[in-house]
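Descriptive analysis of the structure
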Amino acid sequence: MTSHPVGLSGNLAPRQVMRATINQFDIAVWRSESGIISAWDNRCPHRGMRLSHGFVRGESLACAYHGWHYNCEGFCHYIPAHPELTPPKTVRPVIYSVIERHGLIWINPTAEARAHELPDNLIPLRTLTFECDENTALHAMSSTAQHAGESFEPGDTLSESPRIITVNTPAIANGIIIAFHQCAPHNVIAHVLVQNTLSSAAQIDVSRWLESVRRHAEANVSEYL
Amino acid sequence: MSAREHALKYWYPVAMVNELASGQTRETVLLETPLQLEATADGNLNASAHKQSLSVQNAFDHWWVTLSDNPYPLFKVPEAAETDRRFVPCGVVRVLCSPLRAVENFLDIAHFPFVHTDVLGAEPHTEVYKYDVKIDDTHDEVIASNIRFYQPQAAKSAEGGIETQYIYRVPAPMVAVLYKTCPQREDAMDVIALFVQPVDEETCDVWPWMALYDDTSSMADLIQFQQFIFLQDRTILENQLPRKLPIDPGLEIPTRADLTSVSYRRWLKKRGAYYGALEGR
Ligand code: FES
Ligand SMILES: [Fe+2]
């Protein structure tokens, strides 16, 4: 399996936990107080609670059900029901490989995570969730531009899976990069990166444009399913 | 015998006795079978499935039905005959989990400080002290006893924290009965039960019921307290993976505090109660 961009690094602050899905993989992603990021199978080895409901305490993730504490390597080191007990090393969720690059969090549940190489002069703008599949979202990009009477140029496809494309909307900005992550059959996340020289006014315009693309995409869902 | 065939031989709650007015009808689902319920003018309940009428009985303020012609007898709760108790049917909560997971959660005390924070438990009082579990041979029930746990607000009627004593009984695969220290009477224990109606293997309707010594709280407050607690459990139950209960060891890792849960799983396996269970088919 390839690595998937599941979120923006900036949206996962220290002490935060999020849930990501990649195909059948349900994943808890969390950042410790000091900034270490981890991605684990979203199932506590004790009684199966989703670890994405847990809470971060310092350098540990505590499960929401019985408060078992797991350190950044995934080892359970504290079981509140038995404060004196040293838990065996076997108490550990399945660990996935995760890295951060280009402002994105990349996870690979079956092999070592690698980021797709992108230009260095980018900054992450935002993440939008579309209630449709990838193709509907892509189609909506050109149709939205036509509606608005704007020019829109689909650029290059940098990667097929996950799909990463460049787009140009000359009236607003060129060299926008969109990295898609299909997290469910009818749910796709689009991470938007722009050139670091883009003015903040233009950044807002790009953001608005994406929002109208999303409105079109979701309105068209029935047409393209 | 299939998991479902085994489950068919028990009685299950489908409604509270006082909630249906004469002539009122309702549809529900039991073990994947659609049921029609109708309250009759003489205060009884007609229940049918596929136009066949079913056996019905009234117990613990609920209507119980079975889909079997030859069911096991309904379990007993002797305290239901103690007329100085307050009997509180608490309504129904739909939960997207295995009926067995709902029962197991009810038998669990280690979660109190984390799920029912500052009510049924609070840090740093997280330790679960050694307790006893046995299978009662006469009634073939799981019994857990000598459980004690510090609780900031053990019941609606509790003023401040107390160390609460607990006894659990599992008299049927989808029923758990808890006896706990009564904050208002030293010589008696409150009874709180969980009656689970299995809709299918991954969906259940849960009917909590209480038999308390509490002369001060209003009925509405007692119900609200119990519902508040149970809704906290629902968030857990709907996020446990897998949704079915892993009945064989291996997938989940218990500790000493989980002795009741471990015995419950073994007891289910021994009787072939696999409906809502993941393995052991
Ligand atoms: S299920 Fe996670 S600590 Fe019990
Ligand atoms: Fe609970």
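Residues numbered from 1 in each chain as written. Chains lettered and ligands numbered in written order. Predicted model: local features only at pLDDT ≥ 70, side-chain atom pairs only at ≥ 80, totals over all residues. Heavy atoms only, no water.

From N to C terminus, chain B includes 5 helices and 15 strands. A compact globule built from 281 residues should have a C-alpha radius of gyration of about 19 Å, and chain B, at 18 Å, falls within 12% of that. Along the three orthogonal principal directions, the C-alpha set of chain B runs to about 55 × 45 × 35 Å. Considering chain B as a whole, with its 281 residues, one finds that 57% of them fall into the buried category. Long-range contacts, defined as pairs at least 24 residues apart, comprise 62% of the intrachain contacts of chain B with a sequence gap of at least 6. In the form shown here, chain B has an accessible surface area of approximately 12,100 Å², with 49% of it arising from carbon and sulfur atoms. (Helix = DSSP H or I, 4+ residues; strand = E, 2+ residues; numbered from the N terminus. Rg over C-alpha atoms; globule rule 2.2 N^0.38 Å. Buried < 20%, exposed > 50% of the residue type's maximum accessible area, 1.4 Å probe, protein only. Contact = heavy atoms within 4.5 Å. Areas by Shrake-Rupley, 256 points an atom, 1.4 Å probe, with all protein chains shown as cover.)

Another aspect to go through is the sheet that holds strand 8 (residues 76-78) of chain A. Residue and element names in this part refer to chain A. Reading across from one edge, 5-6-7-8 is the order of the 4 strands in this open sheet, with antiparallel pairing throughout. With partners counted over all chains shown, the strands left at the sheet margins are strand 5 (55-57) and strand 8, one partner each. For this sheet the average axis-to-axis angle between neighbouring strands, irrespective of direction, equals 40°. Looking at chain direction, strand 7 (residues 69-71) and strand 8 are connected through 2 bridges and run antiparallel. The partner of histidine 69 across the bridge, within strand 8, is tyrosine 78. (Pairing = 2+ DSSP bridges. Axes fitted to C-alpha atoms, helices over the stretch in contact; angles between N-to-C directions.)

Turning our eyes to something else, we now look at the coordination of the iron ion (ligand 2). All names here are of chain B. Within the protein, His111 (NE2), His116 (NE2), Asp233 (OD) and Asp233 (OD) serve as the donor atoms for the iron ion (ligand 2), at 2.0 to 2.5 Å. Coordination at the iron ion (ligand 2) is irregular: its 4 donor atoms span angles of 57 to 153° at the metal. Counting the intervening residues between successive donors of the iron ion (ligand 2) yields the motif H-x4-H-x116-D. Note that histidine 111 is positioned in the loop between helix 2 (99-106) and helix 3 (112-115) and aspartate 233 in helix 4 (residues 219-237), a separation of 122 residues in sequence. Looking at aspartate 233, the relative accessible area reads 6%, which means it is buried. (Donors = N, O, S within 2.8 Å, 3.2 Å for Na, K, Ca; no water. Tetrahedral: all angles 85-135°; square planar, octahedral: opposite > 155°, others 65-115°.)

By themselves, these are just geometric observations and shouldn't be taken as functional.
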